[in-house]
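Each chain, letter by letter, is given below.
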Amino acid sequence: MAPPSEHPDAPAHHAAEQRSAAGGDPAAPASGAGAATSSPGEPAAPASAGAPPASRQASSAPRGRVVALTGAASFLGRNLIGILEEDPRIARVVAIDIKTPDTGGAKLRLHTVDLTAPASEERVAEVLAAEQVDTLVHLCFLSSPTPATAWAHELESVGTMHLLHGARQASLRKLILWSQTVLYGAHPTNPNFLTEKHPLRADPEERFFADKMAAEREFNAFGARAKGTTVTILRTAPILGPTVQNYLTRFLARRLVMTMLGFDPLWQFIHEVDAIAAFKLAIDSDFPGTFNIVGDGVLPLSTIVRLAGRTPLPVLHSAAGPLVSALWAAHAAIAPPSFLRYLRYLCVADGEKAARVMGFRPVYSTREALLDFTSAQRLRDVRLLQETPA
């Protein structure tokens, strides 16, 4: 899915992405590299609330749970922080990012940590111990591809290793990882619905996929070794809604939407509200293992384009690869050529396990998530709704 679009062209531009998604979107792109880490024991305070030094915080046990989030300034991070702030069972919310999330309140403690830095694992260990964190939610991932593949690798794959090395030195009760169902890959041999038992077969040469699959392997290895720590991996379907921004929303926001001539694969989405609710559910209760988080129902790509009010632009798949490769090299495409497979083949996940084990049932279906996005996008099209960074 790679029609033309603006795209950052260097890691320097992606520093802003990390501030918005990882530290995100990444559901807009996520974290950026190059941020200096704060000195040990001195967490930065959000503008809206003062934060006492970590040494004083650790002097008394918190009356309630302490949840830490990487990628706290991302779309998922910001919204989760807002929900956790309102939960009386949560004593503190610890943000591990290079930017203060704008949803923070009195419970928020910000620690400026760049996970791409070699010393970040020691810093993570200090933060987790000083804040007495019991649950760590790892959201520091890009939700959109980037040409800056070396930086993305340092952020997602190496950054995850740094985080887990630091986590090994703390007594965590729970670890939660954000992953995505696109990692199953789009293949002509895929079954109608992919379960958590199916292997991840996304293109290993594509960094957007490879680094996230590596992060899953690291989390699973950590869970196999760590005794007493619940490890949960939530694989969300592509997130859609009125405020989230990622490669999918940019794809569907174009007047002309590229499709593959002769192909009409089924797609599924998860509404942004349901994605956030799934993470809150995993924070509140213990669900070890991997879970697909998807909306009910599927839609053919042709129907999606029609409901979005866009015009399909069918392209021969033999011509699409060279075209998108050239556009991607010129930083004028939404995604690299490896995403074209999702315009041809099925990649739909089964959410039965999440419903049965977690009790997760989405409020919005795939169709309703699309229509909610489309309603907001139509207002943006006529400049009646301001773009919301994610």
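Here's what I pulled together on the structure shown here. Since we're looking at a predicted model, the values are computed, not measured.

1. What to know about empty space enclosed by the protein
- One number sums up the size of the largest cavity: a volume of about 160 Å³.
- Lining of the largest cavity is provided by 14 residues; of these, Val-182, Pro-238, Trp-267, Tyr-342 and Cys-347 occupy positions nearest its centre.
- Elements with a minimum of two residues in the lining of the largest cavity: helix H7 (247–253) and strand E9 (266–267).
- Looking at the lining of the largest cavity residue by residue, the class counts come to 12 nonpolar, 2 polar and no charged.

2. A few points about helix H5 (residues 149–167)
- Taking 1.5 Å of rise per residue, 19 residues should cover 27 Å, and H5 covers 26 Å from first to last C-alpha, within 8% of that figure.
- The largest bend along H5 reaches roughly 35° and is located at Gly-159.

3. As for unusual backbone geometry
- Of note, Gln-132 is a non-glycine position whose phi angle comes to about 55°, a positive value.
- Checked against the element boundaries, Gln-132 lands in the loop between helix H4 (120–131) and strand E4 (135–138).
- Residue Gln-132 is classed as partly exposed on the basis of its relative accessible area of 31%.

4. Structural notes on the pattern of salt bridges
- Considering all chains together, one arrives at 15 salt bridges under this definition.
- Residues Asp-87 and Lys-280 are paired through a salt bridge, measuring 2.8 Å at the closest nitrogen-oxygen approach. With Asp-87 in the loop between helix H3 (75–85) and strand E2 (90–97) and Lys-280 in helix H8 (residues 272–284), this residue pair connects regions lying 193 residues apart in the sequence.
- The class of Asp-87 is buried, set by a relative accessible area of 6%.
- The class of Lys-280 is buried, set by a relative accessible area of 11%.
- Across the pair Lys-174 and Asp-286 runs a salt bridge whose closest N-O atoms are separated by 2.9 Å. A residue pair is termed long-range when its members are at least 10 positions apart, and Lys-174 in strand E5 (residues 174–180) and Asp-286 in the loop between H8 and strand E11 (289–293) qualify at 112 residues.
- Put simply, Asp-87, Arg-89, Lys-280 and Asp-284 are held in one network by salt bridges that share partners.

5. Focus: the environment of Gly-159
- Its location among the elements puts Gly-159 in helix H5.
- For Gly-159 and Ser-120, which are 39 residues apart along the polypeptide, the C-alpha to C-alpha distance reads 8.4 Å.

6. Re the packing of aromatic side chains
- Under the definition given, this model contains 10 aromatic pairs.
- With centroids separated by 5.1 Å and ring planes inclined at 70°, the aromatic side chains of Tyr-247 and Phe-339 adopt a geometry described as edge-to-face. With a gap of 92 residues between them, Tyr-247 in helix H7 and Phe-339 in the loop between helix H10 (317–329) and helix H11 (352–358) connect regions that are remote in the sequence.
- With a centroid separation of 6.3 Å and 85° between ring planes, the pair formed by Trp-267 and Phe-269 is classed as edge-to-face.
- Just above the ring of Phe-208 sits the side chain of Lys-212; from NZ or CZ to the centre is 3.7 Å.

7. A word on the pairing of E5
- The element E5 is extensively covered by neighbouring structure, given that 7 of its 7 residues are classed as buried.
- On E5, burial covers both faces: Lys-174, Ile-176, Trp-178 and Gln-180 on one face and Leu-175, Leu-177 and Ser-179 on the other are all buried.
- Across 4 bridges, E4 lies against E5 in parallel orientation. Along E5, the bridge assignment pairs Thr-135 with Lys-174.
- After leaving E4, the chain enters H5 and then returns to the sheet as E5, a path that is right-handed.
- Sheet topology places E5 next to strand E6 (residues 230–236); 7 bridges connect them, and they run parallel. What sits directly across from Ser-179, in E6, is Arg-235.

Thresholds applied
Residues numbered from 1 in each chain as written. Predicted model: local features only at pLDDT ≥ 70, side-chain atom pairs only at ≥ 80, totals over all residues. Heavy atoms only, no water. 1 Å grid on protein atoms, 1.4 Å probe; cavity = no way out; pocket = protein on both sides within 12 Å on 5 of 7 lines; lining within 4 Å. Points joined across faces, edges and corners; volume = space filled by probe spheres on them. Helix = DSSP H or I, 4+ residues; strand = E, 2+ residues; numbered from the N terminus. Nonpolar A, V, L, I, M, F, W, Y, C, P; charged D, E, K, R; others polar. Expected span 1.5 Å × (residues − 1). Bend = angle between axes of the 7 residues up to and from the residue. Buried < 20%, exposed > 50% of the residue type's maximum accessible area, 1.4 Å probe, protein only. Salt bridge = Lys/Arg side-chain N within 4 Å of Asp/Glu carboxyl O. Phe/Tyr/Trp six-rings, centres within 6.5 Å; stacked < 30°, edge-to-face > 60°. Lys NZ or Arg CZ within 6 Å of the ring centre and 35° of its normal. Pairing = 2+ DSSP bridges. Right-handed = clockwise from strand over helix to strand, strands pointing away.

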